[in-house]
Amino acid sequence: MTLSKPAGIFDRDVEWAELARFATDARPGATLGVVTGRRRQGKTLLLYELAQATGGFYFGATEATPAESLRRLGEAIGRYTEAPGPVRLADWSEAVDALLALGRARPVTVVVDEFPYLARASRDLPSTIQHALTPGRPQRTDSRTRLLLCGSALSFMGGLLAGSAPLRGRAGLELPVAPLDYRAAAAFWGIGDPLLAARLFAIVGGTPAYRREYVQDDAPGGPDDFDDWVVRAVLNPARPLFREARYLLAEDPDLRDAALYHSVLAAVAEGNGTRGGIAGYIGRKATDLQHPLTVLEDAGLLARDPDPLRSGRSRYRITEPLITFYQAVMRPAWTALEQRRGADVWRRSQRRYASAVLGPGFEETVRQWALRFAAPETFGGIVAEASAATLTDPASRTSHELDLVALGEPPLGDGPRPLLAIGEVKWGRTLGRPDLERLERARVLLTARPGWDAGSARLLLASGEGFTDELRQLAARRPDVLLLDPERLYSGD
């Protein structure tokens, strides 16, 4: 059975295909799937449409007592089965068996959305589901229920199938629903100008809901409308995007010390990506940051990128562009914004937006291009990892900040790992020959280092402002020099 993706779902071809495969599996025996992702990514739409397309059952949980949740679930099952009245469920064991019974005659998609609400109120619910799915148990073997548990609390959902968790080994599907990538986001917003697309993505990222409900389909009409759009759609207290960054922290139950977590995120937004830099910014000891950093990572708001050139070193970055924008631009001017002085704040914030939001966002987008969109021949191999790095020059006792280090796949034996490219990425500066010479010096240093095969590494220069004529002429003669402008970033390989 083939399920066509509904017309109302943008992109998400891979996610829909995986869900459809899971839901239409005709083999006997109930199966379990887990769907995760931050809020506003379209998980509910995907699962609701899947249930509709397969004639399945959808239940959206709410924050409630176990008794109320069981009553609501029983009412929903009664309506779905066209029973004379609600199905009375004494406990969660009966409830799970009732869900398995829905699939006795045929494969039936059963969606339990916002599962963490139920599990936090009834701590033994995952164990109850584990028992219900015990191999050989008649309620499982006689059912073809395709049970999908969905949740936005990433820290909770991440632990649902980990380690010694009750459901470990029970799930046949573990599907993350991530934000749209920068190219898909541009298409979703209807933005064809790559410079405008980059400026927009640096603020709202790839969260689908920010395009529809949160701005009521108000997109920038063009480059000349961008500043006005930021004021009316993001810095406007009457629009949902205005407080969204605050709500993203408040909605996760594991983020209890909001002030500390906001301070950590502010430190990272200001360019303090190391643990020591974060500690110095917020006035704490580095050893005191293990817990908040771990919680923010588990919640999907921070990512830790190891430095491939310095063993044991890493940098943190914020994964949600709107949070970066809030911490760098909105939070320092919150009182003025609440007083509806958004236009003044935006005029004063152009430098901060460029340096703390747009610049780092552009660097990460270039790294994503190298990983996802660049052709293998562009770098002379498949890019397996792409990150920023710091290279030390022993002779001059200086260090080089490399915005891109693209690594190939690890060798099968003990040979050196291919280093495919190093790069300089600048949004607001025209790049020229001195930038190329700096990369050439870095390549010489890397070639001399053991463990790396860097002799043929490409030298990539990416800029939102462009390149000097001299650099363009050099690049035209040298296959090892790559120039990446916004046009190629959004449509080329």
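A brief look at the structure comes next. This is a predicted model, so every value here is computed, not measured.

Rules used in this analysis
Residues numbered from 1 in each chain as written. Predicted model: local features only at pLDDT ≥ 70, side-chain atom pairs only at ≥ 80, totals over all residues. Heavy atoms only, no water. Phe/Tyr/Trp six-rings, centres within 6.5 Å; stacked < 30°, edge-to-face > 60°. Helix = DSSP H or I, 4+ residues; strand = E, 2+ residues; numbered from the N terminus. Buried < 20%, exposed > 50% of the residue type's maximum accessible area, 1.4 Å probe, protein only. Contact = heavy atoms within 4.5 Å. 1 Å grid on protein atoms, 1.4 Å probe; cavity = no way out; pocket = protein on both sides within 12 Å on 5 of 7 lines; lining within 4 Å. Points joined across faces, edges and corners; volume = space filled by probe spheres on them. Axes fitted to C-alpha atoms, helices over the stretch in contact; angles between N-to-C directions. Parallel < 35°, antiparallel > 145°, perpendicular 65-115°, else oblique. Nonpolar A, V, L, I, M, F, W, Y, C, P; charged D, E, K, R; others polar. Polar contact = N/O pair within 3.5 Å; in protein donor to acceptor, adjacent residues only side chain to side chain. Expected span 1.5 Å × (residues − 1). Arc of directions from axis to C-beta. Salt bridge = Lys/Arg side-chain N within 4 Å of Asp/Glu carboxyl O. Core = buried A, V, L, I, M, F, W, Y, C linked by side-chain atoms within 4.5 Å. Pairing = 2+ DSSP bridges.

We now examine the packing of aromatic side chains. Scanning the entire structure with this criterion turns up 17 aromatic pairs. With a centroid separation of 6.4 Å and an interplanar angle of 25°, the aromatic rings of Phe-226 and Trp-229 are classed as stacked. One end of the pair is Phe-226 and the other is Trp-229, both in helix H11 (residues 226–234) and three residues apart, which spans about a single turn. The buried category is assigned to Phe-226, whose relative accessible area is 0%. For Trp-229, a relative accessible area of 0% gives the class buried.

Now for the environment of Leu-32. Relative to the helices and strands, Leu-32 resides in strand S1 (residues 31–36). Taking the C-alpha atoms as reference points, Leu-32 and Leu-149, 117 residues apart in sequence, are found 7.7 Å from one another. Setting aside chain neighbours within four positions, we find Leu-32 in contact with Phe-22, Leu-133, Leu-147, Leu-149, Leu-167, Arg-170, Ala-171, Gly-172 and Leu-173.

A volume near 490 Å³ is recorded for the second largest pocket. Arg-40, Gln-41, Gly-42, Lys-43 and Leu-45 are the residues nearest the centre of the second largest pocket, which is lined by 22 residues in total.

A few words now on the packing of helix H9 (residues 182–189) against helix H10 (residues 194–204). The geometry of H9 relative to H10 is characterised by a closest axis approach of 10 Å and an angle of 100° between their N-to-C directions. As far as their axial angle goes, H10 and H9 are roughly perpendicular. Listed contacts from H10 to Tyr-182, Ala-185, Ala-186 and Trp-189 of H9 are Ala-197, Leu-200, Phe-201 and Val-204. Considering only residue class, the contact of H9 with H10 consists of eight nonpolar, no polar and no charged.

Below, the discussion takes up the environment of Arg-137. Counting through the fold element by element, Arg-137 comes out in the loop between helix H6 (125–132) and helix H7 (138–141). Along the sequence, Arg-137 and Ala-171 sit 34 residues apart, while their C-alpha atoms lie 16 Å from each other. For Arg-137, the residues in contact, after removing those within four places along its chain, are Asp-97, Leu-100, His-131 and Ala-132. At 3.3 Å, the side chain of Arg-137 and the backbone oxygen of Ala-132 are in polar contact.

This brings us to helix H2 (residues 43–54). For an α-helix, 3.6 residues make a turn, and residues three or four places apart therefore share a direction. The end-to-end C-alpha distance of H2 is 17 Å, a good match for the 16 Å that 12 residues give at a rise of 1.5 Å each. Buried residues of H2: Lys-43, Leu-46, Leu-47, Leu-50, Ala-51 and Thr-54, and no others. The arc enclosing the buried residues of H2, seen along the axis, measures out at 130°, which places them on a common side. Residues of H2 that are buried make contact with helix H1 (13–23), S1, strand S2 (57–60), strand S3 (108–113) and strand S4 (145–151). Count one or two residues on from H2 and you reach Gly-55, which has phi positive near 65°.

On to the pattern of salt bridges. Counting across every chain of the model gives 33 salt bridges. With a shortest N-O distance of 2.7 Å, Lys-5 and Asp-13 are connected by a salt bridge. The residue Glu-424 makes a salt bridge to Arg-429 at a minimum N-O spacing of 3.5 Å. Exposure remark for Arg-429: the relative accessible area of 34% places this residue in the partly exposed category. Sharing partners across several salt bridges, the network here consists of Asp-403, Glu-424, Lys-426, Arg-429, Asp-435 and Arg-438.

What follows covers the nonpolar core. With 89 residues, the main nonpolar core has Trp-189, Trp-229, Val-234, Phe-325, Tyr-353 and Phe-379 as its most contacted residues. Non-local contacts of Phe-379, meaning those with residues more than four positions away in its chain, are made with Trp-369, Ala-370, Ala-374, Leu-420, Ala-421, Arg-458, Leu-460 and Leu-482. With 36 residues, the next largest nonpolar core counts Ile-77, Trp-92, Ala-132 and Leu-147 among its residues.

The residue Asp-218 is located in the loop between H10 and H11 in this model. Setting aside chain neighbours within four positions, we find Asp-218 in contact with Trp-189, Arg-211, Trp-229, Arg-232 and Arg-239.

With that out of the way, let us pick up empty space enclosed by the protein. Applying the stated criterion across every chain, the model contains three cavities of 30 Å³ or more. Of the pockets and cavities examined, the largest cavity occupies roughly 90 Å³. Forming the walls of the largest cavity are 13 residues, and the residues nearest its centre are Trp-92, Val-96, Leu-99, Val-112 and Ile-129. Of all elements in the fold, only helix H4 (92–101), helix H5 (115–121), H6 and S4 reach the threshold of two or more residues within the lining of the largest cavity. Broken down by element, the residue count for the lining of the largest cavity peaks at four residues, all from H4. Classifying every residue of the lining of the largest cavity by side-chain character gives 13 nonpolar, no polar and no charged.

Time to look at the pairing of strand S12 (residues 458–463). Of all six residues making up S12, six are buried, and the element is well covered by its neighbours. Side chains Arg-458, Leu-460 and Ala-462 project from S12 onto one buried face, and the interleaved Leu-459, Leu-461 and Ser-463 project onto a second face that is buried too. The pairing of strand S10 (residues 417–426) with S12 spans six bridges and is parallel. Within S12, the residue paired with Lys-426 across the bridge is Ser-463. Both S12 and strand S13 (residues 481–484) contribute to a ladder of four bridges, which runs parallel.

Time to look at the sheet that holds strand S5 (residues 171–176). Across the sheet, five strands lie side by side as S2-S3-S4-S1-S5; this open sheet has parallel pairing. This sheet does not close on itself; its edge strands, each paired only once, are S2 and S5. Mean inter-strand twist for the sheet, computed between neighbouring axes without regard to direction, equals 15°. One ladder, built from five bridges, connects S3 with S4; its direction is parallel. The residue bridging Val-111 from the neighbouring strand is Leu-148, located in S4. Set on the sheet, H1 makes contact with S1, S3, S4 and S5; between it and S5 the angle comes to about 160°.

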